[in-house]
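Letter by letter, the chains look like this.
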Amino acid sequence: MILLTGATGTIGSELARLLSKRENTFRAYVRNLKKARELNIPHMDIFEGDLRDTKALDRAMLGISRVFLLSSPDPLQVELQGNVVRAAKKAHVSLIVKQSAFGAGADSPVALARWHWITEEDIKKSGVPYTILRPMMFMQNLLMLAHDIGVEGLLRVPMGSAKSSLIDARDIAKCAVKILTGEGHTGKTYELTGPEAISYDRIAEALSEVSGRRVTYVNTPLDEVNVEMIRNGLPKWLADDICKLYEIFATGKADRVTTSVRDITGEVATDIRKFARDYSVVFTKEVIHH
Ligand SMILES: NC(=O)c1ccc[n+]([C@@H]2O[C@H](COP(=O)([O-])OP(=O)(O)OC[C@H]3O[C@@H](n4cnc5c(N)ncnc54)[C@H](OP(=O)(O)O)[C@@H]3O)[C@@H](O)[C@H]2O)c1
């Protein structure tokens, strides 16, 4: 049986939906039962537990052969994910699929990238077979900017004219399901990107087509973006960390495209115009309300 962590989140809930279509029961390890039940996903055996709870993790691993490892950005991330790795090792799990991030590395100035790297190394040292997914920034991050886009027609990001190969999170879930249910991915690390590297002007164009108004990209100073993220509820450490990532990506480091999504799923990765169309309700909702 497959065990998912992070099943109530962006990628995890999509992955759970895809797995449920196979009509085989899988288990979801969740800390919020209500949220998990409201997803209303058939064939999902909901197991209540926090990643801090090592005893619950041991129980949840009974009968599990493959694990999907994902949790939220959290200063305790290394410890929480380490708990899953140790429980998986004890249970002789045959594969951990670890959601990491593009640029994960020991020397990254971005804390999240270093933490992901530490867990990747933990898994390798544990001896449990693994596949690592290192996705680029998600297109879904644009949903957090939907208010500015819909109401003001402004896309405020500190990326200059740099291009990035943003990926649709649904494609990450598609890759994960193929790996969790297939063979031939053990020991591999995949960098997952969208189908093309695009500037934020191009992203604004795609959003203009669906939001019912002209959307303009405004190259915004990092400190303004930082303040805005904190105002929107992000903890300061995370806003600072994301700004460091923007700083790196604004130098062109995200201008790289891989074919991994197509190689793994056999399907072309979702482009920004399709993403914008699929989420058009979110970008137009704000116009209607104001
Ligand atoms: N956003 C990007 O552009 C980007 C790019 C590359 C990599 N990543 C990486 O992708 C991951 C985030 O993916 P996502 O957006 O799908 O995540 P998400 O929507 O934030 O969901 C996180 C999931 O982890 C669960 N979780 C967190 N702490 C837990 C705990 N202590 N016990 C049990 N469950 C816990 C959450 O449960 P609740 O629902 O109860 O909170 C939720 O199901 C992060 O590792 C991030 O670094 C993100």
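Residues numbered from 1 in each chain as written. Predicted model: local features only at pLDDT ≥ 70, side-chain atom pairs only at ≥ 80, totals over all residues. Heavy atoms only, no water.

Asks: Quick question: what am I supposed to make of the overall build of the chain here?
Replies: The number of helices and strands found in the chain is 13 helices and 11 strands. Rg of the C-alpha trace for the chain: 19 Å, near the compact-globule value of 19 Å for 290 residues, within the 12% margin. Along the first, second and third principal axes, the C-alpha atoms of the chain reach 55 × 40 × 35 Å. Looking at the chain as a whole, 50% of its 290 residues are labelled buried. The contacts in the chain between residues at least 6 apart in sequence include a share of 75% that link residues at least 24 apart. As displayed, the chain offers around 13400 Å² of accessible surface, 51% of which is attributable to carbon and sulfur atoms. Each charge sign in the chain was given a centre, from 39 positive and 36 negative side chains, and these centres are 4 Å apart. (Helix = DSSP H or I, 4+ residues; strand = E, 2+ residues; numbered from the N terminus. Rg over C-alpha atoms; globule rule 2.2 N^0.38 Å. Buried < 20%, exposed > 50% of the residue type's maximum accessible area, 1.4 Å probe, protein only. Contact = heavy atoms within 4.5 Å. Areas by Shrake-Rupley, 256 points an atom, 1.4 Å probe, with all protein chains shown as cover. Lys, Arg positive; Asp, Glu negative; His and termini not counted. Charge placed at Lys NZ, Arg CZ, Asp CG, Glu CD.)

Asks: I tried to follow the sheet that holds strand β9 (residues 188-192) on my own but got confused; where do I start?
Replies: The pairing of strands in a sheet comes from backbone hydrogen bonds and takes either a parallel or an antiparallel form. Taken together, seven strands build an open sheet; the order of strands is β3-β2-β1-β4-β5-β6-β9 and the sheet is parallel. Edge positions in the open sheet fall to β3 (44-48) and β9, since each of these has one partner strand only. The mean angle between the axes of side-by-side strands here comes to 20 degrees, regardless of whether they run parallel or antiparallel. Note: strand β4 (residues 66-69) against strand β5 (residues 95-99), four bridges, orientation parallel. In the strand pairing of β5, R66 is matched with L95. Across the sheet, helix α4 (residues 77-90) is in contact with β1 (2-5), β4 and β5; its angle to β4 comes to roughly 175 degrees. On the sheet, helix α5 (residues 111-126) packs against β4, β5 and β6 (130-135) and is oriented at approximately 165 degrees with respect to β6. (Pairing = 2+ DSSP bridges. Axes fitted to C-alpha atoms, helices over the stretch in contact; angles between N-to-C directions.)

Asks: Got a minute to help me understand the domain arrangement of the chain in this structure?
Replies: For an interface, size is often stated in terms of accessible area lost upon the parts coming together. The domains assigned to the chain are domain 1 (2-135) and domain 2 (139-164 + 195-256 + 270-289). Here the C-alpha centre of domain 2 lies 28 Å away from the C-alpha centre of domain 1. Listed per partner, the contact involves 10 residues of domain 1 and 10 residues of domain 2. Where domain 1 packs against domain 2, one counts zero salt bridges. The element best represented in the side of domain 1 that touches domain 2 is α5, accounting for three residues. (Domains from an automatic or database assignment. Salt bridge = Lys/Arg side-chain N within 4 Å of Asp/Glu carboxyl O.)

Asks: What exactly am I supposed to notice about the environment of C243 here?
Replies: Here C243 shows up in helix α10 (residues 236-253). Here C243 falls in the buried class, since its relative accessible area comes to 7%. A sequence separation of 40 residues divides C243 from F283, and the C-alpha atoms of the two residues are 24 Å apart. When residues no more than four places from it in sequence are discounted, the contact partners of C243 are L222, N226 and M229.

Asks: Please explain the pattern of salt bridges as it appears in this structure.
Replies: Once their charged atoms are close, side chains differing in charge can pair, the charge on each being opposite to the other. Applying the stated criterion across every chain, the model contains 20 salt bridges. Two residues, E38 and K34, come together in a salt bridge whose shortest N-O distance is 3.0 Å. Of this pair, E38 and K34 both sit in helix α2 (residues 33-39), four residues apart, which is roughly one turn of that helix. In this structure E38 comes out as exposed when scored by relative accessible area, which is 57%.

Asks: Help me understand α4, please; the structure alone is not making it clear to me.
Replies: Compared with the 20 Å implied by 1.5 Å per residue over 14 residues, the 20 Å span of α4 between its first and last C-alpha is a close match. Residues of α4 that are buried: Q77, L80, Q81, G82, N83, V84, V85, A87 and A88. Buried residues along α4 sit against β1, α3 (54-60), β4, β5 and α5. Downstream of α4 by a residue or two, H92 has a phi angle that is positive, lying close to 55 degrees. (Expected span 1.5 Å × (residues − 1).)

Asks: Would you mind going over the site of the ligand with me for this structure?
Replies: Taken together, 25 residues sit near the ligand, with T8, R31, K35, H116 and N141 positioned nearest. A distance of 2.9 Å separates an oxygen atom of the ligand from a polar atom in the backbone of T10. Taken by itself the ligand offers 940 Å² of open surface, and the protein chains cover 85% of this. Tallied by class, the residues present in the shell around the ligand amount to 10 nonpolar, 12 polar and three charged. (Near = heavy atom within 4 Å. Polar contact = N/O pair within 3.5 Å; in protein donor to acceptor, adjacent residues only side chain to side chain. Nonpolar A, V, L, I, M, F, W, Y, C, P; charged D, E, K, R; others polar.)

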